[in-house]
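Inside the fold
The lines below spell out each chain.
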Amino acid sequence: MLNTRIAVFAIILSVAALSLGDAVIKGTGLSLPLWQMFILRSAIVAPVLLWLARRKGPIAVTNMGWAALRSALLVLMWLSYYSALPLMPLSLAAAAYYTGPLFIVALAAAVSRTWPSGRAILAIAAGFVGVDMVIRPDTSGMTLATLLPVAAAFLYACAMVLTSAKCREDDPFVLALALNITFIVSGAVLGLFSGQNGSFIFGPWQAVDLQLVTTVAALAVLILIGSVGAAIAYQKGPAGTVAAFDYSYLVFSLVWGGLFFAEFPSMIGLVGVSIIAVA
């Protein structure tokens, strides 16, 4: 029971940090191409993670292959999701991405060969309904591109179930370090194809100044909290239970929107938030 409570707290802290990172990007008008963001953000956070990981002795993982696969899945997840954004309304992309907890429950059940409790399944389903009520996706924009955020959701689910099944004994700081090293390597590879004006992923290198460094440093702190928190959550708690609290990302997004941008949900949206909270 204690481990489950720790897992729930960790995932809530994780999604709070990641959603705040989205608010920072929106509020500052950050226009970095994704490949440059990968490199700069992880270059700042990686030394901190290295120090945290080495406090307990030499850095080691139970199986380097599983840790590398987990990192690759998460990087591909971000690429899939961001590739979808120019092709569809944001609300539709978000709705498709929030199929992730459903995938987590299904994959966790397949791996463990046991189904989660009825309450967990009900919570996942209720959370998905609540998300749809809040974002009310415009289905008129649905195309084959919708498969990209669904693919992102599936990749995220695979990474989290892998964390629970194969990386449970690894230091979460080491897992987060592996992820950020993978971000740097991936950013360098994507940078080979950069210079495309108007492309969120392959755009040209942006000049680095003090304001940019400050913003990226803030994002680095938030990705540090988010990546470590997610690793701890899926190590400590049942994947199906943790997945239900993954939906709290949207609740925090609404909170930041109201605090920083005076964006408030409709009455239907408030009902949806209530359903998510109950779930």
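For the structure itself, consult the block above.
Keep in mind it's a predicted model, so treat the numbers as computed, not measured. (Residues numbered from 1 in each chain as written. Predicted model: local features only at pLDDT ≥ 70, side-chain atom pairs only at ≥ 80, totals over all residues. Heavy atoms only, no water.)

Counting residues in each nonpolar core, the largest one holds 47 residues, and the members touching the most others are Tyr-97, Ile-104, Tyr-156, Met-160 and Tyr-234. Ranked by residue count, the leading element in this core is helix α7 (residues 147-166), at 10 residues. With 14 residues, the next largest nonpolar core counts Val-45, Ala-53, Val-174 and Ala-176 among its residues. (Core = buried A, V, L, I, M, F, W, Y, C linked by side-chain atoms within 4.5 Å. Buried < 20%, exposed > 50% of the residue type's maximum accessible area, 1.4 Å probe, protein only. Helix = DSSP H or I, 4+ residues; strand = E, 2+ residues; numbered from the N terminus.)

Next up on the list: a nonpolar patch on the surface. Together, Ile-181, Val-185, Val-189, Leu-192 and Phe-193 make up an exposed nonpolar region whose accessible area comes to about 510 Å². With respect to the helices and strands, the residue Phe-193 is situated in the loop between α8 (172-191) and α9 (210-236). (Patch = residues over 30% accessible without salt bridge, like charges linked within 9 Å, V, L, I, M, F, W, Y side chains within 5 Å. Areas by Shrake-Rupley, 256 points an atom, 1.4 Å probe, with all protein chains shown as cover. Salt bridge = Lys/Arg side-chain N within 4 Å of Asp/Glu carboxyl O.)

With that settled, consider the environment of Asn-197. Its location among the elements puts Asn-197 in the loop between α8 and α9. Note: C-alpha distance between Asn-197 and Pro-33 (164 residues apart in sequence) is 9.7 Å.

It is worth spelling out the packing of aromatic side chains at this point. One pass over the full model with this rule turns up 6 aromatic pairs. Aromatic pair Trp-35 and Trp-205: ring centres 5.7 Å apart, planes at 45°, arrangement tilted. With Trp-35 in helix α2 (residues 34-54) and Trp-205 in the loop between α8 and α9, this residue pair connects regions lying 170 residues apart in the sequence. Taking the centre distance of 6.0 Å and the plane angle of 10° together, the rings of Trp-256 and Phe-260 count as stacked. (Phe/Tyr/Trp six-rings, centres within 6.5 Å; stacked < 30°, edge-to-face > 60°.)

Here we take up the environment of Ser-248. You can see Ser-248 is positioned in helix α11 (residues 248-261). The residues contacting Ser-248, other than those within four sequence positions of it, are Ile-12 and Val-15. (Contact = heavy atoms within 4.5 Å.)

Let us now look at the environment of Phe-202. By the element assignment, Phe-202 lies in the loop between α8 and α9. C-alpha of Phe-202 to C-alpha of Pro-33: the two residues are 169 residues apart in sequence and 6.1 Å apart in space. Non-local contacts of Phe-202, meaning those with residues more than four positions away in its chain, are made with Trp-35, Leu-190, Phe-193, Ser-194, Gly-195 and Gln-196.

Right, let's get into the packing of α7 against α9. A packed helix pair is summarised by two numbers, namely the angle formed by the two axes and the spacing between the axes. For the pair α7 and α9, interaxial distance at closest approach is 7 Å and the crossing angle is 60°. By the angle class used here, α7 and α9 are oblique. Regarding α7 and α9, the two cross each other, and that crossing is right-handed. Counted together, Tyr-156, Met-160, Thr-163 and Ser-164 of α7 and Ala-230, Ala-231, Tyr-234 and Gln-235 of α9 form the full contact between these two elements. The residue makeup of the contact of α7 with α9, split by class, is 5 nonpolar, 3 polar and no charged. (Axes fitted to C-alpha atoms, helices over the stretch in contact; angles between N-to-C directions. Parallel < 35°, antiparallel > 145°, perpendicular 65-115°, else oblique. Left-handed = near helix turned anticlockwise from the far one by under 90°. Nonpolar A, V, L, I, M, F, W, Y, C, P; charged D, E, K, R; others polar.)

To continue, consider the side chain of Thr-182. Examined against the element boundaries, Thr-182 turns out to sit in helix α8. Note on Thr-182: relative accessible area 19%, which makes it buried.

What follows is about the side chain of Ser-227. Note on placement: Ser-227 falls in helix α9. You can call Ser-227 buried: its relative accessible area is 7%. Polar side-chain contacts of Ser-227 include one of 3.3 Å to the backbone oxygen of Leu-224. In this structure, Ser-227 is in contact with Arg-70, Ala-176, Leu-179 and Asn-180, ignoring residues within four places of it in sequence. (Polar contact = N/O pair within 3.5 Å; in protein donor to acceptor, adjacent residues only side chain to side chain.)

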